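Results of the structural survey
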Amino acid sequence: MTEALSLDIEAPQGDAGKYVQAIWLARSALAGEVWLPSDAGTGVTFLIKGSALVDDAPIKHAYDFQRHSIQSKKLSYSSEMLLFGLRFQPAGFTQLESFGHPLTDPKNLAFIAKKVRCCSDLTDFKKILEPFFDFSQTHDHIADFTRAFIQQLSEHTSLLDALGQIPLSQRQLERHIKHQCGITPKHLERIYRVRHAMNEIKTKTDSTLTQIALECGFSDQSHLVREFKSIVKITPAKYRTLIAAHKR
């Protein structure tokens, strides 16, 4: 982690926010790297200047598409790098695809990639996106159920309780979640539980990892370590060290 990377992020509101969780830009003064947490969402990035790699794979200079982030990824970047991006909600991109929304059309993404090369800030980027941000014809009750389920998990509701609050059979919901998010409801729960642990490690600096494990619903510290390494790809102790180094 490093302070060489500056971020400008905006969360869309209204109907757009149901499908797109963030419009952002990242700008670097110096070369560095940062770990990007997983959330099962889909991302589209537009590299304007410099170079950047995700898990050592170069980001393409037109646009780079990453569907269903189920593990943390390492972003490595050069000095003087400028990167714009769209982050979709965990099920958002697949839901928009089912409506034939223009924001999921590769031709439109290529058009955006060409226009964004003239952008210098988030305001410019939003102007280019504006013609593609009509979400008035995207209502679907199944999509609503999926969003409600994911919202429950993000609020640390147990999997069984979250499933029980959705007016679909468990099998129906599991099928929709797998199609829209690319993973099972159980896998989604694992991701959000680890994200909860990441936040607790960041904010509760005096708590032991055992205490955090139990607070976040893991059976013990070993369980936390296994799940953390599986999803974040580093140990909780290493993550705590990186957080401390970043604050110095």
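In the block above lies the structure referred to throughout.
**A closer look at the pattern of salt bridges**
If you walk through the whole model with that rule in mind, you get twelve salt bridges. For the salt bridge of Lys233 with Asp55, the shortest nitrogen-to-oxygen distance reads 2.9 Å. Of this pair, Lys233 sits in the loop between helix H10 (221-232) and helix H11 (236-247) while Asp55 sits in the loop between strand S5 (52-54) and strand S6 (57-58), and the two are 178 residues apart along the sequence. We classify Lys233 as partly exposed; its relative accessible area is 31%. Among the ionic pairs, Arg147 bridges to Asp144, the shortest N-O distance being 2.4 Å. Of this pair, Arg147 and Asp144 are both found in helix H5 (residues 141-154), three residues apart, which corresponds to roughly one turn of the helix. Where salt bridges share partners, they join Lys186, Glu189 and Arg193 into one cluster.

**Thoughts on unusual backbone geometry**
Of note, Asp56 is a non-glycine position whose phi angle comes to about 70°, a positive value. Examined against the element boundaries, Asp56 turns out to sit in the loop between S5 and S6. With phi around 75°, Lys233 is a residue other than glycine that occupies positive phi space.

**Some points on the sheet that holds strand S3 (residues 32-36)**
Reading across the sheet, the four strands line up as S3-S8-S5-S6 and stay open at both edges, with antiparallel pairing between neighbours. In this open sheet, the two edge strands, each paired with only one partner strand, are S3 and S6.

**Side note on the packing of aromatic side chains**
The relation between two aromatic rings is expressed through the spacing of the ring centres and the mutual angle of the planes. For the coordinates displayed, the defined rule picks out ten aromatic pairs. With 5.9 Å between their ring centres and 70° between their planes, Phe46 and Phe125 make a pair best called edge-to-face. Here Phe46 is found in strand S4 (residues 43-49), whereas its partner Phe125 is found in helix H4 (residues 122-129), with 79 residues between them in sequence. Of the two residues examined, Phe46 and Phe125, each falls in the buried class. Consider the rings of Phe84 and Phe125, whose centres lie 5.1 Å apart with planes at 55°: the pair is tilted. Here Phe125 lies in helix H4 and Phe84 lies in strand S9 (residues 82-88), a separation of 41 residues in the sequence. For the pair shown, Phe84 and Phe125 are each scored as buried.

What counts, and at which threshold
Residues numbered from 1 in each chain as written. Predicted model: local features only at pLDDT ≥ 70, side-chain atom pairs only at ≥ 80, totals over all residues. Heavy atoms only, no water. Salt bridge = Lys/Arg side-chain N within 4 Å of Asp/Glu carboxyl O. Helix = DSSP H or I, 4+ residues; strand = E, 2+ residues; numbered from the N terminus. Buried < 20%, exposed > 50% of the residue type's maximum accessible area, 1.4 Å probe, protein only. Pairing = 2+ DSSP bridges. Phe/Tyr/Trp six-rings, centres within 6.5 Å; stacked < 30°, edge-to-face > 60°.

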